[in-house]
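As a plain string of letters, each chain reads:
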Amino acid sequence: AQSVTQLGSHVSVSEGALVLLRCNYSSSVPPYLFWYVQYPNQGLQLLLKYTTGATLVKGINGFEAEFKKSETSFHLTKPSAHMSDAAEYFCAVSVWKGFQKLVFGTGTRLLVSP
Amino acid sequence: DAGVIQSPRHEVTEMGQEVTLRCKPISGHNSLFWYRQTMMRGLELLIYFNNNVPIDDSGMPEDRFSAKMPNASFSTLKIQPSEPRDSAVYFCASSLGLAGAGGPTDTQYFGPGTRLTVL
C-alpha cells in the first residue's frame, strides 16, 4: 500500500534559519506527492506537488521539495524561515482508486522563534 | 473565487443529537471530498462524490454517518445520533477533474473546516 512517513512531529527553527521537513514515501509505482500547509484554524493549502519531470519542485512562499527516488524521499525545504511559516505541514501521496485518494502523513508542526 | 465554504465553523452539541455539516464547493469543481481530522487518526477520507454522485464511502465510520450532494453547489454530512468520539475537525475539499473522476495529480482545495465537539 502507498503511504508516507513524516519524521518528527515538531521541528523548531530560528527566524532566518533553514527549514527542513522530512517525508519518505512507500510506493510500488511512481508516486505523485504533495505538500500541504495548515495554518491555525484554517484548512489545508497546497504548497507544491510532484507529478513527473523535474525532480526539484518549487512552491509558494519560497518552499521547494526534491523528489529522490533512490532515497524514497520528498523533503520540504526553505532557505530562510519567517515567523509566518509557523504552521503544520502535511506530506501526502496520491493513490488512484478510480478517483484520487490522498493519503496523508501525520504532520509536522513547524515552530519559528525570533 | 471565495474558495470552499463550510458551515458552521464550530459546533458544540450533546451526545445523541443530530449534527449537520454543510459545504459549498468551488464553482465548476466536479469532485467533492469529506475528511475528518483527529489527533489519533490524522486526516481520513470519509466519502467522495463525483458529479454529485457518491462514488466511495468506504471511509464512513458507521451507519450514523451519512452524506448527500443534492446539487453541484451543496453537500451535507450528517451524524445521527452523535457521540463524543465523533469530536473532530471535518473538512470538505473540492477539485476539478478534467475528465470524469479526474486524475492522480489534481489539486484538492480545502475549506476551513468545522470543529465539532460532542459532549
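Structure's up top.
Residues numbered from 1 in each chain as written. Chains lettered and ligands numbered in written order. Predicted model: local features only at pLDDT ≥ 70, side-chain atom pairs only at ≥ 80, totals over all residues. Heavy atoms only, no water.

(A) Broad picture of the interface of chain A and chain B. Of the residues lining the interface, 20 residues belong to chain A; the matching set on chain B comes to 21 residues. Approximately 1800 Å² of surface area, both sides summed, lies buried where chain A meets chain B, with 60% of it carried by carbon and sulfur atoms. The three residues of chain A that bury the most area against chain B are A:Leu44, A:Phe99 and A:Gln100, which together make up 32% of that side's buried surface. On the surface where chain A and chain B come into contact, there are 0 salt bridges. Linking chain A with chain B are 9 residue pairs in polar contact (both at pLDDT 80 or more), by the criterion used here. Listing elements by their share of the side of chain A that touches chain B, those giving two or more residues are β4 (33-38), β5 (44-50), β9 (87-96) and β10 (100-104) of chain A. When residues of the side of chain A that touches chain B are assigned to their parent elements, the largest contribution, 4 residues, is made by β10(A). (Contact = heavy atoms within 4.5 Å. Buried area = accessible area lost by both parts, 1.4 Å probe. Salt bridge = Lys/Arg side-chain N within 4 Å of Asp/Glu carboxyl O. Polar contact = N/O pair within 3.5 Å; in protein donor to acceptor, adjacent residues only side chain to side chain. Helix = DSSP H or I, 4+ residues; strand = E, 2+ residues; numbered from the N terminus.)

(B) View of the pattern of salt bridges. All names here are of chain B. Tallied over the full model, the rule gives 11 salt bridges over all chains. Between Glu18 and Lys78 there is a salt bridge; the shortest N-O distance is 3.8 Å. With Glu18 in the loop between β2 (10-13) and β3 (19-24) and Lys78 in strand β8 (residues 74-79), this residue pair connects regions lying 60 residues apart in the sequence. Residue classification places Glu18 among the partly exposed positions, given a relative accessible area of 45%. One salt bridge in this structure joins Arg41 and Glu44, with 2.7 Å as the shortest N-O distance. Exposure remark for Arg41: the relative accessible area of 59% places this residue in the exposed category. The exposure class of Glu44 is buried, given its relative accessible area of 15%. Connected through salt bridges with shared partners, the residues Glu62, Arg64, Glu83, Arg85 and Asp86 form a single ionic network. (Buried < 20%, exposed > 50% of the residue type's maximum accessible area, 1.4 Å probe, protein only.)

(C) Highlighting the side chain of B:Gln108. Within the secondary structure layout, B:Gln108 lies in the loop between β9 (88-95) and β10 (109-110). A distance of 2.7 Å separates the side chain of B:Gln108 from the side chain of B:Tyr35, its partner in a polar contact.

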